[in-house]
Amino acid sequence: MTLPDLLLQSTYGKVAWGIVLATLVIGLLPASRQLSRRATAQLLGVMIVLALLPGPFSPAYWIALALQWPSGLLVGLCLMRLVHPWWPATAKRGLSVALAGAIALLGTVLYLDALGLLPLGLYFWGFGPRGAPLLALAAMALCVAWIIQGRSRPQAFAALGALTLFTLLRLPTGNLWDALLDPMLWIWAVVTLAIRAWRKRQRHLETNKIGAGPC
């Protein structure tokens, strides 16, 4: 088991929560009031500075009490959302349905395992000295292939960044699963799938209503 340096872990956690908070602020803005590139960069800088404040003066201190540190994948996806103005208009931001499904499934299995309902010991396997790094390297190769092929590039870059942080620095906790999953990301994935299913159902109902026509 290789754990990250405590100072490095603490610094990562604060900066990471600053990135997540900046993304939440932008996400709450109406579509008609999206920030410019400069304003986005300024907001990100302010949030990171606030998060780096010592002790209880930092909002990251209070968030970490409940949620610990965000996963590298969540931070990567948030960064992809923040740099959205620099991406081509055709680039899809946020969670794709496939990625949301994978995160929701992985999170459900790991959380059931942690509760003892699926006694598989999967979480501790994430500390494996050989298996976890090998899996991370294989996943990194897949991300590079997707980037080269132009498939879901923002999401592939986010995953590649998270896996690189884990491989080189063992951030955020030394466990592979914590690099790819956290409660906020799991909730985001589940909500994404629920909204997708609801919209699909609404379109199906509207199609049936139009097809039925006036009686």
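Below is a summary of the structure that appears in this document. As the structure is a prediction and not an experimental result, all values here were calculated from the model.

## Points about the packing of helix 1 (residues 6–28) against helix 2 (residues 37–51)
Running from amino to carboxyl end, helix 1 crosses helix 2 at an angle of 135°, the nearest separation of the two axes being 8 Å. Taken together, helix 1 and helix 2 sit at an angle that is classed as oblique. In this structure, the crossing between helix 1 and helix 2 has a hand that is right-handed. Across the interface between the two elements, Lys 14, Val 15, Gly 18, Ile 19, Leu 21, Ala 22, Val 25 and Ile 26 of helix 1 pack against Thr 40, Leu 43, Leu 44, Met 47, Ile 48 and Ala 51 of helix 2. Looking at the contact of helix 1 with helix 2 residue by residue, the classes come out as 11 nonpolar, two polar and one charged.

## Focus: the nonpolar core
In terms of nonpolar packing, the biggest core is built from 47 residues, with Ile 19, Leu 73, Ile 103, Leu 163 and Leu 176 touching the most fellow members. It is helix 1 that contributes the most residues to this core, eight residues altogether. Beyond its immediate sequence surroundings of up to four residues, Ile 19 is in contact with Leu 44, Ile 48, Val 75, Cys 78, Leu 79 and Leu 82.

## What about a nonpolar patch on the surface?
Together, Leu 8, Leu 165, Leu 168 and Leu 169 make up a nonpolar patch on the protein surface, roughly 330 Å² of accessible area in all. Tallying contributions element by element places helix 8 (residues 153–169) first for the nonpolar patch, with three residues. One can find Leu 168 in helix 8. Classification of Leu 168 as exposed rests on a relative accessible area of 64%.

## Quick notes on the side chain of Gln 9
Position of Gln 9 among the secondary structure elements: in helix 1. By relative accessible area, Gln 9 is classed as buried at 15%.

## A look at the packing of aromatic side chains
Throughout the structure, instances matching the rule amount to five aromatic pairs. Measuring from ring centre to ring centre gives 5.7 Å for Tyr 111 and Trp 186, while their planes differ by 85°; the resulting arrangement is edge-to-face. One end of the pair, Tyr 111, is in helix 5 (residues 97–114); the other, Trp 186, is in helix 10 (residues 183–212), with 75 residues separating them in the sequence. Overall, Tyr 111 belongs to the partly exposed group, its relative accessible area being 29%. On the basis of relative accessible area, Trp 186 is assigned to the partly exposed category, the value being 25%. Both rings, one in Tyr 123 and one in Phe 127, keep their centres 5.8 Å apart while their planes meet at 90°; by these two values the pair is edge-to-face.

Cut-offs used in this document
Residues numbered from 1 in each chain as written. Predicted model: local features only at pLDDT ≥ 70, side-chain atom pairs only at ≥ 80, totals over all residues. Heavy atoms only, no water. Axes fitted to C-alpha atoms, helices over the stretch in contact; angles between N-to-C directions. Helix = DSSP H or I, 4+ residues; strand = E, 2+ residues; numbered from the N terminus. Parallel < 35°, antiparallel > 145°, perpendicular 65-115°, else oblique. Left-handed = near helix turned anticlockwise from the far one by under 90°. Contact = heavy atoms within 4.5 Å. Nonpolar A, V, L, I, M, F, W, Y, C, P; charged D, E, K, R; others polar. Core = buried A, V, L, I, M, F, W, Y, C linked by side-chain atoms within 4.5 Å. Buried < 20%, exposed > 50% of the residue type's maximum accessible area, 1.4 Å probe, protein only. Patch = residues over 30% accessible without salt bridge, like charges linked within 9 Å, V, L, I, M, F, W, Y side chains within 5 Å. Areas by Shrake-Rupley, 256 points an atom, 1.4 Å probe, with all protein chains shown as cover. Salt bridge = Lys/Arg side-chain N within 4 Å of Asp/Glu carboxyl O. Phe/Tyr/Trp six-rings, centres within 6.5 Å; stacked < 30°, edge-to-face > 60°.

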